[in-house]
Protein chains: 2
Amino acid sequence: MPKVVNIRSNELCGFIQAVLERLSVPAADAKVVSDCLVFAHLRGFDTHGLPCLAGYVECLEQGRIKPTPTITVERPMPWAIRLDADNGLGQIAAHRAMTLAIEAADQLGVGAAVVRRSNHFGAACCYSMLALPRDCIGLVTSNAMAAAAPFGALESFLGTNPLSVAVPALTAPPFVIDMATSEGARKKVRQALSLGTPLPAGWALDKDGNPTTDPKAALEGVMLPFGGMKGSAITLLLDILSGVLSGAEFGGRVLSVLTNQQRESGNGNFMLVLKVASFMPAEEFKGRMDEELARLRALRPARGLKEVIYPGYKEHFTEISRKEQGIPLAAAVVEEARSIGKRHGVVFHG
Amino acid sequence: MPKVVNIRSNELCGFIQAVLERLSVPAADAKVVSDCLVFAHLRGFDTHGLPCLAGYVECLEQGRIKPTPTITVERPMPWAIRLDADNGLGQIAAHRAMTLAIEAADQLGVGAAVVRRSNHFGAACCYSMLALPRDCIGLVTSNAMAAAAPFGALESFLGTNPLSVAVPALTAPPFVIDMATSEGARKKVRQALSLGTPLPAGWALDKDGNPTTDPKAALEGVMLPFGGMKGSAITLLLDILSGVLSGAEFGGRVLSVLTNQQRESGNGNFMLVLKVASFMPAEEFKGRMDEELARLRALRPARGLKEVIYPGYKEHFTEISRKEQGIPLAAAVVEEARSIGKRHGVVFHG
């Protein structure tokens with residue numbers, strides 16, 4: 001088998017949807033989840049696509065995630081949505097919440113949504129970018145299982161707490177932040193240990209709380225959020241918005257689909273949608289965004305770089321190219337998908 | 001003269017107000033500006049208090065900032081405020097904009113304001129924290145003169161772009177982020193050069209774009225935003241919100257009160273106020289905040305630290321202590337204030 005297999009996005013989408021349907025997820029919901037996983041691949045976030053399926057499948061098989069959740073929606077204010085995900089797949093609740101927030105913003109200029117009792121929702125840009133065709137700025141965040149120590153602490157408390165913010169432009173590729181707020185991932189530390197390579201500075205503390213680049217010492221210590229004290233503050237803010245304000249778990253108590261054996265994961269999300277026309281005509285704003293991004297692109301690049309790019313720029317062209325030429329999947333990922341498919345009577349045409 | 005002079009906050013406030021009034025700033029506006037500068041000292045941000053006065057005074061003396069601006073307020077949506085600061089002191093416009101945003105949030109659950117044609121507004125927490133007594137979350141940001149290169153670039157483009165977010169709690173000191181998004185300050189690089197000490201990692205690139213801790217090489221190169229690529233993305237987002245969306249200058253074109261010789265500074269601000277009761281009862285939210293912050297405080301501290309604290313914790317106690325015991329000012333700052341006072345016939349009782 002070749003090391004990389006190329007698959008068309010609609011083929012991949014159909015496969016994921018069929019697997020989820022075999023696990024009693026209704027067709028429309030299965031489509032939302034598979035669209036989200038495939039969109040992550042299209043944007044180049046290959047960790048947030050097909051590799052997530054195994055965890056979801058296991059949770060659905062074992063009844064740890066509900067295939068047919070009863071999602072309840074409250075609207076305390078015309079622009080504010082409170083959603084209870086009923087421990088269903090995170091994508092279903094997040095997509096619903098963001099759709100409602102965008103509808104509110106379309107009418108009232110602003111919309112916001114909080115989600116509680118949810119699960120892993122995939123790549124945050126799947127939702128923030130829904131705001132773009134409506135000339136809105138979309139902000140989406142989630143909390144997650146404790147994975148990093150706040151600044152000054154020696155115990156995990158903060159999750160990877162993703163943040164995505166999408167801002168429309170006129171002709172330039174849109175500005176889209178999609179980032180984990182942890183600096184590094186524990187699985188990459190294990191990789192470094194087996195390869196015998198040091199870690200980048202700022203990833204971890206050893207068991208005494210000293211900064212370390214030694215993978216072994218890092219595994220005995222704690223991982224860190226991005227950006228030192230300032231990044232830690234922002235990561236904690238994301239837990240406050242998506243956990244405390246939403247009614248979800250917070251403060252280190254969220255679980256992941258891999259560890260929620262005793263109780264629900266309890267993920268929370270926060271979403272904010274601002275219609276740019278609430279502040280200035282959309283065309284004017286988008287023209288100014290083009291100008292902002294063009295000025296940035298025109299800066300002299302640092303050594304070793306051909307050009308200066310901004311968040312979402314590279315992903316924009318990856319999306320175009322992968323839509324045309326298909327998504328390259330690593331052989332191990334394909335192998336796992338085939339095995340999931342076999343178990344549920346779905347053929348993987350990768 | 002002693003190295004540090006202690007001054008009561010009301011004394012300091014009276015002095016700054018009197019100086020500004022001598023420069024034709026109306027009493028109420030002068031009070032807003034002096035309250036803001038003094039509040040920065042109370043919170044321990046001594047760079048954002050009295051040391052700012054000299055620049056403001058010079059601009060007022062030379063007609064580069066208007067003492068009596070005609071501020072115009074538009075309200076494109078009931079919750080959205082667009083304010084033109086008419087090149088007045090930044091505090092006057094920011095205080096007005098935040099007050100209007102909070103009033104909107106009180107009524108509608110959400111309020112937002114953008115400010116254009118403004119100037120340096122002091123410490124951002126002066127405005128974000130106004131949201132706290134109304135059980136609102138306040139977010140305030142500003143852009144600023146180009147001071148740091150975006151990730152991958154070798155030219156200054158991003159400002160120190162401050163971000164403040166204030167979140168109320170029940171009995172715990174409130175969570176208050178107030179941070180510059182630049183990693184280090186150029187004046188501290190000059191200080192390091194004269195002391196012969198190296199810079200912390202992550203502050204600067206040399207003229208070729210290589211990371212450096214050598215102050216001399218840093219001065220020939222560029223400063224960096226906090227948090228590498230992720231921090232750079234957030235800093236750029238703050239310029240988009242406070243510059244592009246507001247109608248202010250953006251993309252490296254904001255000037256400072258020290259450099260706006262040819263034209264207005266063109267600062268922009270963005271403010272967002274969310275009433276927590278839009279999502280859950282305020283008491284419940286604040287109780288959950290106490291729980292979040294207590295869990296964080298209970299974490300094991302990293303080596304060398306006595307306790308784990310969160311943004312706003314230390315500043316809360318500094319504020320209490322300085323309100324009681326006065327504000328310690330460095331002798332050089334007092335000297336400069338005396339000289340400003342002398343020029344304008346106001347006695348500094350420090």
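Residues numbered from 1 in each chain as written. Chains lettered and ligands numbered in written order. Predicted model: local features only at pLDDT ≥ 70, side-chain atom pairs only at ≥ 80, totals over all residues. Heavy atoms only, no water.

A. Looking closely at the sheet that holds strand S3 (residues 80–84) of chain A. Residue and element names in this part refer to chain A. Overall, mixed pairing links the seven strands, which are arranged S2-S3-S4-S11-S5-S6-S7 in an open sheet. Two strands in the sheet have a free side with no partner beyond their single neighbour: strand S2 (72–77) and strand S7 (175–179). Each adjacent strand pair in this sheet contributes to an overall mean axis angle of 10°, direction not counted. When strand S5 (residues 136–142) meets strand S11 (residues 267–275), the two strands line up antiparallel, connected through seven bridges. Counterpart to Ser-142 in the pairing with S11 is Asn-269. Here helix H4 (residues 90–108) sits on the sheet and contacts S2, S3, strand S4 (110–118), S5 and S11; the angle it forms with S4, its principal contact strand, is near 165°. (Pairing = 2+ DSSP bridges. Helix = DSSP H or I, 4+ residues; strand = E, 2+ residues; numbered from the N terminus. Axes fitted to C-alpha atoms, helices over the stretch in contact; angles between N-to-C directions. Contact = heavy atoms within 4.5 Å.)

B. Molecular detail of the pattern of salt bridges. Summed over all chains, the structure comprises 43 salt bridges over all chains. Between A:Arg297 and A:Glu307 there is a salt bridge; the shortest N-O distance is 3.1 Å. With a gap of ten residues between them, A:Arg297 in helix H9 (residues 282–297) and A:Glu307 in the loop between H9 and helix H10 (313–325) connect regions that are remote in the sequence. Overall, A:Glu307 belongs to the partly exposed group, its relative accessible area being 40%. In this structure, B:Lys207 engages B:Asp208 in a salt bridge whose closest nitrogen and oxygen atoms are separated by 4.0 Å. Of the residues examined, B:Asp208 reaches a relative accessible area of 29% and is grouped as partly exposed. One continuous salt-bridge network, built from bridges that share partners, spans A:Lys66, A:Glu74, A:Arg82, A:Asp84, A:Asp86, A:Arg116, A:Arg117 and A:Glu264. (Salt bridge = Lys/Arg side-chain N within 4 Å of Asp/Glu carboxyl O. Buried < 20%, exposed > 50% of the residue type's maximum accessible area, 1.4 Å probe, protein only.)

C. The arrangement of the packing of helix H2 (residues 27–42) of chain A against H10(A) in detail. Residue and element names in this part refer to chain A. Following both chains from N to C, one finds H2 and H10 inclined at 110°, their axes separated by 8 Å at the closest point. It follows from the interaxial angle that H2 and H10 lie roughly perpendicular. The residues of H10 that touch H2, namely those facing Phe-39, His-41 and Leu-42, are Glu-315, Thr-318, Glu-319, Arg-322 and Lys-323. (Parallel < 35°, antiparallel > 145°, perpendicular 65-115°, else oblique.)

D. Molecular detail of the interface of chain B and chain A. Contacts between chain B and chain A engage 79 residues on the former and 79 residues on the latter. Between chain B and chain A the total buried area reaches about 6500 Å² when both faces are included, carbon and sulfur atoms providing 70% of it. Where chain B touches chain A, the interface holds two salt bridges. For B:Asp208, the salt bridge goes to A:Arg303, with nearest N and O atoms at 3.4 Å. (Buried area = accessible area lost by both parts, 1.4 Å probe.)

Purely geometric stuff here, so don't read any function into it on its own.
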